[in-house]
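Letter by letter, the chains look like this.
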Amino acid sequence: MFSESFDWVLAIVLAVISVLMFSDKGEFILDMFDGKRENPRKKWPPEKQRKFSKVMGVFTAGLALAELLLALFGQTYPLVNLGVLLAMIIFIIAALVYIKKNF
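Residues numbered from 1 in each chain as written. Predicted model: local features only at pLDDT ≥ 70, side-chain atom pairs only at ≥ 80, totals over all residues. Heavy atoms only, no water.

Digging into the overall build of the protein chain
- From N to C terminus, the protein chain includes four helices and zero strands.
- In the protein chain, buried positions account for 27% of the 103 residues.
- The contacts of the protein chain with a sequence gap of at least 6 include a subset with a gap of at least 24, amounting to 66%.
- Summed over its atoms, the accessible surface of the protein chain is roughly 7200 Å², and 72% of this surface lies on carbon and sulfur atoms. (Helix = DSSP H or I, 4+ residues; strand = E, 2+ residues; numbered from the N terminus. Buried < 20%, exposed > 50% of the residue type's maximum accessible area, 1.4 Å probe, protein only. Contact = heavy atoms within 4.5 Å. Areas by Shrake-Rupley, 256 points an atom, 1.4 Å probe, with all protein chains shown as cover.)

Structural notes on the packing of aromatic side chains
- Scanning the entire structure with this criterion turns up two aromatic pairs.
- Where Phe59 meets Phe91, the ring centres are 5.9 Å apart and the plane angle is 0°; that geometry is what we call stacked. In this pair, Phe59 is assigned in helix H3 (residues 46-73) and Phe91 in helix H4 (residues 78-102), connecting sequence segments 32 residues apart.
- Of the residues examined, Phe91 reaches a relative accessible area of 30% and is grouped as partly exposed.
- Centroid distance Phe73 to Tyr77: 6.3 Å. Interplanar angle 45°. Geometry classified as tilted.
- Among the residues examined, Phe73 registers a relative accessible area of 37% and is labelled partly exposed. (Phe/Tyr/Trp six-rings, centres within 6.5 Å; stacked < 30°, edge-to-face > 60°.)

Structural notes on H4
- Taking 1.5 Å of rise per residue, 25 residues should cover 36 Å, and H4 covers 37 Å from first to last C-alpha, within 8% of that figure.
- On its buried face, H4 is in contact with H3. (Expected span 1.5 Å × (residues − 1).)

Points about the confidence of the model for the protein chain
- Here the protein chain averages 82 in pLDDT, while 85% of its residues score no lower than 70.
- Confidence, expressed as mean pLDDT per element, reaches its minimum in the protein chain at helix H2 (residues 27-32) with 70 and its maximum at helix H1 (residues 4-22) with 88. (pLDDT = per-residue confidence, 0-100.)

Focus: the side chain of Thr60
- By the element assignment, Thr60 lies in helix H3.
- Judged by relative accessible area, which is 9%, Thr60 ranks as buried.
- With sequence-adjacent residues up to four places away left out, Thr60 is seen in contact with Leu14, Ile17 and Ser18.

Here we look at the nonpolar core
- Residues Met56, Phe59, Leu63, Val84 and Met88 are the most contacted members of the largest nonpolar core, which totals 14 residues.
- For this core, the secondary-structure elements that each account for two or more residues are H1, H3 and H4.
- With seven residues, the single largest contributor to this core is H3. (Core = buried A, V, L, I, M, F, W, Y, C linked by side-chain atoms within 4.5 Å.)

Things to note about the packing of H3 against H4
- The contact between H3 and H4 brings their axes to 10 Å, and the two run at 175°. As the angle between them shows, H3 and H4 are arranged roughly antiparallel.
- Residues that form the contact of H3 with H4 fall into these classes: 18 nonpolar, three polar and two charged. (Axes fitted to C-alpha atoms, helices over the stretch in contact; angles between N-to-C directions. Parallel < 35°, antiparallel > 145°, perpendicular 65-115°, else oblique. Nonpolar A, V, L, I, M, F, W, Y, C, P; charged D, E, K, R; others polar.)

The following block contains the structure:
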C-alpha cells in the first residue's frame, strides 16, 4: 500500500489531533471540515460541544492506534493489514452509530 514512513507520519498526525480533541483545543479542526456556513454545532451547549470533541478524540485515537499497528507490523505480518482494515471499518461504523444516536 503506502510506505512504512507514511504510516508513521499519519499515526503521529492522528495522535496529535486526538490530543487536541481531548484537551478541548481542537475545535478549529472540526470547523475546517465543516462545509456548511451555519454550523448547528455552534448552537450546542458547551458541555455537549466538549462531549462531541471527546468522542472525536477517541475516534482519532483509534485510527492513530490502527496506523501505529500498521507501521510496526504491517510489513512483517501481512495479515495484520487485513485485521487492522477490518478493525478500522468496525470502529468507524461504531463511531458513526454513537454520534448519530447521541448528537
